[in-house]
Amino acid sequence: MSSTAIGMIETKGFVAALAAADAMVKAANVTITDRQEVGDGLVAVVIAGEVGAVKAATEAGAETASQVGELVSVHVIPRPHAELGNHFDTSAT
Amino acid sequence: MSTSLDLRAVIADVVREVVADLVGPAAPAPSTPAPGTPATPAPPAGVAGAEHVTPPTLRERVEAVRIGDDADLDRFARHLLALFENPKNRQDLRAGRLRFRLAGGAAAAESADRPAQRIDTGAVTERQVRAAAEAGRRLVLGRRAVLTPLAREKARALGVPIEKER
């Protein structure tokens, strides 16, 4: 897993986040590594996997989230720095 | 015999003068291209008077012309008139040896001409970008529209302009 990327989808509302997470793990070979609820209904799901898989997964997840609820943001970090793992629960080192 | 030689010499002189008059005044015209016409290669001003020794590289010329607004169009028309005063350039233009192409700002002008497709909310996916590219549209994203990473890559690859409102 040397070329591990992380992808993040943030939605407003739990249901959209859950639907997005489901769509992501079904769309490509990725794993869900974290779920963050920061309040005000914002839920973020973090996935990890190969760069191409993560991009495809976030694409599917974003589409599902916007259909089910409200999509806030989507982002992919192709090669996260190891330092990130010390402060965030990315599990992508 | 001598009279015919003299006559020949006189005719040669007259022809030389006439040719010099035809070519001479027109020659400096293209060396001062219309102001603001960028990326115009220097026309062969010095070659015009030099007894038809046109280098083969100058046989076909393509001048880059930037036309972004009415002023540019006006400048280009004046430049064209100046070119037309030179008989050699006139022949080149008629024969298609001197051609013009749009330079630089063509892409920007094209993106402004494209009809806008507005997306206000939700995910903007790769599929939508591809559809916009096929329809020849540009994308205008509202504040709450989210562009996915794959869609951004696709837009760059297909040259679809995306504007995001803030």
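All chains use their own residue numbering, which begins from 1 and follows the written sequence. In the order they appear in the text, chains get letters beginning with A and ligands get numbers beginning with 1. A pLDDT threshold of at least 70 governs which residues receive local features in this predicted model, and a stricter bar of 80 or more applies before side-chain atom pairs are shown or counted, although totals over entire chains, interfaces and linings include all residues.

Trainee: I'd like a rundown of the sheet that holds strand S1 (residues 4-12) of chain A, residues and numbers included.
Mentor: Residues and elements named next belong to chain A. At least two DSSP bridges between two strands are needed for those strands to be called paired. A helix here means a DSSP run of H or I that spans at least four residues, while a strand means a run of E at least two residues long, and both kinds are numbered starting from the N terminus. A sheet is described by the order of its strands in space; here four strands give the open sequence S2-S3-S1-S4, paired in antiparallel fashion. The strands lining the two open edges of the sheet, one partner per strand, are strand S2 (30-39) and strand S4 (70-77). The sheet shows a mean angle of 15° between the axes of neighbouring strands, direction not considered. Along the sheet face, helix H2 (residues 51-68) touches S1, S2, strand S3 (42-50) and S4 and points at about 10° away from the line of S1. Axes here refer to lines fitted to C-alpha atoms; in helices the fit is confined to the stretch in contact. Angles between the N-to-C directions go from 0 to 180 degrees. Placing a C-beta atom from the backbone of each residue, one calls two residues in contact when those atoms lie within 7 Å.

Trainee: Please provide a residue-by-residue account of the sheet that holds strand S4 (residues 138-147) of chain B, values included.
Mentor: Residue and element names in this part refer to chain B. Reading across the sheet, the three strands line up as S3-S4-S5 and stay open at both edges, with parallel pairing between neighbours. The open sheet has two edge strands, strand S3 (116-124) and strand S5 (162-164), and neither has a second partner. In this sheet, neighbouring strand axes are inclined to one another by 30° on average, regardless of whether the strands run parallel or antiparallel. Inspection of the sheet shows S3 paired to S4 by eight bridges, in the parallel sense. The partner of Gln117 across the bridge, within S4, is Leu139.

Trainee: How would you sum up the confidence of the model for chain B? Please name residues and give values.
Mentor: Residues and elements named next belong to chain B. When pLDDT is averaged across chain B, the result is 74; 67% of the residues are at 70 or more. The predictor attaches a confidence to each residue, called pLDDT, with possible values from 0 through 100. Looking across chain B, the model is least confident in helix H3 (residues 45-48), with a mean pLDDT of 42, and most confident in helix H8 (residues 149-158), with 93. In the model, residues 26-57 has pLDDT below 50 throughout and makes 51 contacts with residues more than four positions away in sequence or in other chains.

Trainee: Quick one: what's the story with the interface of chain B and chain A, residue by residue and with numbers?
Mentor: How big an interface is tends to be expressed through the accessible area that disappears when the partners come together. At the junction of the two partners, chain B supplies eight residues and chain A supplies 11 residues. Listed by contribution, the elements that provide at least two residues to the side of chain B that touches chain A are S3 and H8 of chain B. Note on residue classes: Ala, Val, Leu, Ile, Met, Phe, Trp, Tyr, Cys and Pro are nonpolar, Asp, Glu, Lys and Arg are charged, and everything else, Gly too, is polar. Considering only residue class, the side of chain B that touches chain A consists of four nonpolar, three polar and one charged.

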